[in-house]
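Fold and geometry: a report
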Amino acid sequence: MQPLIDNARMFGQSPEEFAKLAEGQSPQVLFITCSDSRVVPALITGARPGELFELRTAGNIVPPYASEHPTSEACTIEYAVEVLGVRDIVVCGHSHCGAVGALVRGDDLDAVPAVRDWLSHATPRPQGAAEDPAVAEGVQSHVLTQLLRLRSYPYIDKKLKDGQLTLHAWFYEVHTGAVLAHDPASDAFKGL
């Protein structure tokens, strides 16, 4: 913890760099990714403060759309699209994902009921080789399912049809640092 505290103390030493951020935000991208500590959106993209609006969830799950009893994730997505006017949404899965790996392997999650219940939103269950520690195939199919889920949100569907929004599926390799993007023409993930 101490290195993090030391960095936080040094971080605000040049307040003039941050003064403009107090005027508001206008990110162009909503970046939905896993809560995994090895996935750092600003590091991956090189984004500066104010350039990415982030949503981090266990397993980068987009919950089903519900106008009654919305989730905090759905509220974040709605705010990004309707208020901030983001033009792009990236759903970025990653290799070695514990959440997707548990789903692919069919792990017993009864000891962590909140996790088990949250992961139940990942339907259909991602398919892939259970013996693959990177769970690449499972994560990639899961990311594409999350894009389909986003399309079921009425305001996203409308903006997609109006050409005001674009969805992107990414896969980050924790072990190499490479980022792959889904190419709809070939239905494959390829290097950016």
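In the block above lies the structure referred to throughout.
Note that the coordinates shown come from a computational prediction; the quantities given were computed from them, not determined experimentally.

1. Comments concerning the environment of Ile61
Locating Ile61 in the fold gives a position in the loop between strand 2 (52-57) and helix 3 (72-83). For the pair Ile61 and Gly46, spaced 15 residues apart in sequence, the C-alpha to C-alpha distance is 23 Å.

2. What to know about the pairing of strand 4 (residues 166-172)
Where burial is concerned, most of strand 4 is hidden: five out of the seven residues are buried. As paired elements, strand 3 (residues 88-94) and strand 4 share seven bridges and run parallel to each other. Among the inter-strand pairings, Val91 is bridged to a residue of strand 4, identified as Ala169. Of the strand pairs in this sheet, strand 4 and strand 5 (residues 179-183) are connected by three bridges, and their pairing is antiparallel. Within the sheet, the bridge partner assigned to Trp170 lies in strand 5 and is Ala181. Between the antiparallel neighbours strand 4 and strand 5 lie six residues, among them Gly177 with a positive phi of about 85°.

3. Some remarks on the layout of surface pockets
Its boundaries defined by the atoms lining it, the largest pocket holds a volume of some 180 Å³. Considering the residues around the largest pocket, the lining is formed by Leu144, Leu147, Arg151, Leu167, His168, Ala169, Trp170, Ala181, His182 and Pro184. Mapped onto the lining of the largest pocket, the elements with two or more residues apiece are helix 6 (136-151), strand 4 and strand 5. Top contributing element to the lining of the largest pocket by residue count: strand 4, with four residues. Among the residues forming the lining of the largest pocket, the class breakdown is seven nonpolar, two polar and one charged.

The rules behind these values
- Residues numbered from 1 in each chain as written.
- Predicted model: local features only at pLDDT ≥ 70, side-chain atom pairs only at ≥ 80, totals over all residues.
- Heavy atoms only, no water.
- Helix = DSSP H or I, 4+ residues; strand = E, 2+ residues; numbered from the N terminus.
- Buried < 20%, exposed > 50% of the residue type's maximum accessible area, 1.4 Å probe, protein only.
- Pairing = 2+ DSSP bridges.
- 1 Å grid on protein atoms, 1.4 Å probe; cavity = no way out; pocket = protein on both sides within 12 Å on 5 of 7 lines; lining within 4 Å.
- Points joined across faces, edges and corners; volume = space filled by probe spheres on them.
- Nonpolar A, V, L, I, M, F, W, Y, C, P; charged D, E, K, R; others polar.

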